[in-house]
Amino acid sequence: MDNEQKLVSGEAWREFCDRLKMAGDRLLEDDFPAGAADRAEGYRHLGRLLMQGWLEQVEFCGRDFPVMYRHNDDVMRWGGPNVDNTYWRAHVSAEHSYQVTGWLPPGSMFVVQSAHGEMHQNRLGITAERSSDDFAVEPDGSFSFIASAIPHDGNWLPIDEHTDHISVREYNVDWGVDEPGRFSIQRLGSEGQHPSPLDPGDLSDGLDRAMTWADDALGFWNQWMERSRKAAPPNEFYGPRSVPGGADAIGYGGCSYELAPDEAMIVTCDVPDAQYWSFMIYSYAWFESLDFANRTVSLNNAQIAVDPDGRFRIVVAHHDPGVQNWLDTEGRLEALITFRWVLSSTMPTPEAQVVPFSELDRHLPDFVTRLTPDQRAAQITTRRQSRALRFRC
């Protein structure tokens, strides 16, 4: 039975649903957490992966008429997304040349890669990487670059016969000020043309690819998080390094924290000489970002108060410690903290100290910046507004 017949007969859809049921059953196995809250997060995570796989493999998989679509946003969270990034992606082919146009707000930046495959499918490769610093950007923030296998004068992103997508990390650092950028793509020579109608055989194949994408991600990121636990002893940071599948311009490090309900962690570090840097918390098993609109589960260089001694201190705690630099755990007794140094000439490794929450003030310098409850509420309001501006407008 060919793909079209499988779709018309309903077989392709039944296979898709059967595989989704099997993926749900996979969450019941011993290598996934078994608590009620964990199960709820697991099923939600699977649904999010399926939404992402559907976008990747059904809605936006065309290379003749590509769309620069947003992914890994405030809902579809997978693979440890940076909550300060707006992620954009478009599917491409070396058979064609493309023009990407857009606009950046003042002071913003992006990193763009031509790539193929996915980390969670063990076939990710990077053809080329550029940042907005490498491209000529007009005074009004507008820019344009060509993505092609044929060399091009000016702003050019190389692609090759292996490249299947372009990936953009747009950095939104000052949540109270930054507007989101804009990105669009067009295949050169497609002017005045339009895509063909939906092909039944292509949809049949897309159902299979979408479910494979989600199924592979479900197991891969669970195993990734287990390996992250072993990268260093609990409550100890490991140093920054580039990660396969990440950008060469980014140094990643982290810490698997374990904190009792009455404990807190003080993170102390030198300020990196970086264009951007941040700390954020991720859930175990799913490697999802947490509720960044309603809690301070992430902090970046525009949000972190640097102390008069040239260092900064972050308090990781289950309750508000009354300091500006608070990483809110959402009450999770264990999770992963990841830091990022982007386009940085220095790579410091943070130090961690676990103390009783009731004794925090004894371990913090007097000059640490404090926040009142009203100031904390205003901070959260800004985060909510930024989420709406970036993802819901």
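Please refer to the structure placed before this passage.
## Let's talk about the pattern of salt bridges
In a structure, side chains of opposite charge can pair up when their charged atoms sit close to one another. Taken as a whole and assessed by the stated rule, the structure comprises 25 salt bridges. Measuring nitrogen to oxygen at the nearest pair gives 2.6 Å for the salt bridge that ties Asp 205 to Arg 209. In this pair, Asp 205 and Arg 209 both sit in helix α4 (residues 200-229), four residues apart, roughly one turn of the helix. When its relative accessible area of 32% is taken as the criterion, Asp 205 is described as partly exposed. Between Arg 295 and Asp 328 there is a salt bridge whose closest N-O contact spans 3.1 Å. Taken together, the residues Arg 295 in the loop between β13 (274-282) and β14 (298-300) and Asp 328 in strand β16 (residues 326-328) connect sequence positions 33 residues apart. We classify Asp 328 as buried; its relative accessible area is 3%. A network of salt bridges, in which partner residues are shared, links Arg 26, Glu 29 and Asp 31.

## Overview of unusual backbone geometry
Unlike most non-glycine residues, Asn 235 shows phi in positive territory, near 65°. Position of Asn 235 among the secondary structure elements: in the loop between α4 and β10 (238-241). Given a relative accessible area of 18%, Asn 235 falls into the buried group.

## Notes on the packing of aromatic side chains
Counted under the stated rule, the structure contains 27 aromatic pairs. Consider the rings of Tyr 171 and Tyr 276, whose centres lie 4.8 Å apart with planes at 55°: the pair is tilted. Within this pair, whereas Tyr 171 is found in strand β8 (residues 165-171), its partner Tyr 276 is found in strand β13, the two being separated by 105 residues in sequence. The residues Tyr 171 and Tyr 276 share a single accessibility class, namely buried. Linked through ring pairs, Trp 88, Phe 110, Phe 135, Phe 143, Phe 145 and Phe 183 together constitute an aromatic cluster. A cation over a ring is seen here: Arg 229 above Tyr 284, with NZ or CZ 3.6 Å from the ring centre.

## Quick look at the sheet that holds strand β2 (residues 85-91)
In a beta sheet, neighbouring strands pair by backbone hydrogen bonds and run either parallel or antiparallel. Strands sit in the order β1-β2-β8-β4-β5 across an open sheet of five strands; the sheet is antiparallel. The open sheet is flanked by β1 (69-71) and β5 (125-131), the only strands paired with a single partner. The average undirected angle you get between the axes of adjacent strands in this sheet is 25°. Where strand β4 (residues 109-116) meets β8, seven bridges bridge the pair, whose relative direction is antiparallel. Its bridge partner being in β8, Ser 114 is matched across the sheet by Ile 166. Where helix α6 (residues 373-391) meets the sheet, it contacts β1 and β2, and its direction lies at approximately 15° from that of β2.

## Observations regarding helix α2 (residues 11-26)
Between its first and last C-alpha, α2 extends 22 Å over 16 residues, near the 22 Å set by a 1.5 Å rise per residue. Of the positions making up α2, those classed as buried are Ala 12, Phe 16, Ala 23 and Gly 24. End-on, the buried residues of α2 take up no more than an arc of 120°, which puts them together on one face. In α2, the exposed positions that point more than 90 degrees away from the buried face belong to Lys 21 and Met 22. Of the surrounding secondary structure, the elements contacted by the buried residues of α2 are α1 (3-9), α3 (36-59) and α4.

Cut-off values and rules
- Residues numbered from 1 in each chain as written.
- Predicted model: local features only at pLDDT ≥ 70, side-chain atom pairs only at ≥ 80, totals over all residues.
- Heavy atoms only, no water.
- Salt bridge = Lys/Arg side-chain N within 4 Å of Asp/Glu carboxyl O.
- Helix = DSSP H or I, 4+ residues; strand = E, 2+ residues; numbered from the N terminus.
- Buried < 20%, exposed > 50% of the residue type's maximum accessible area, 1.4 Å probe, protein only.
- Phe/Tyr/Trp six-rings, centres within 6.5 Å; stacked < 30°, edge-to-face > 60°.
- Lys NZ or Arg CZ within 6 Å of the ring centre and 35° of its normal.
- Pairing = 2+ DSSP bridges.
- Axes fitted to C-alpha atoms, helices over the stretch in contact; angles between N-to-C directions.
- Contact = heavy atoms within 4.5 Å.
- Expected span 1.5 Å × (residues − 1).
- Arc of directions from axis to C-beta.

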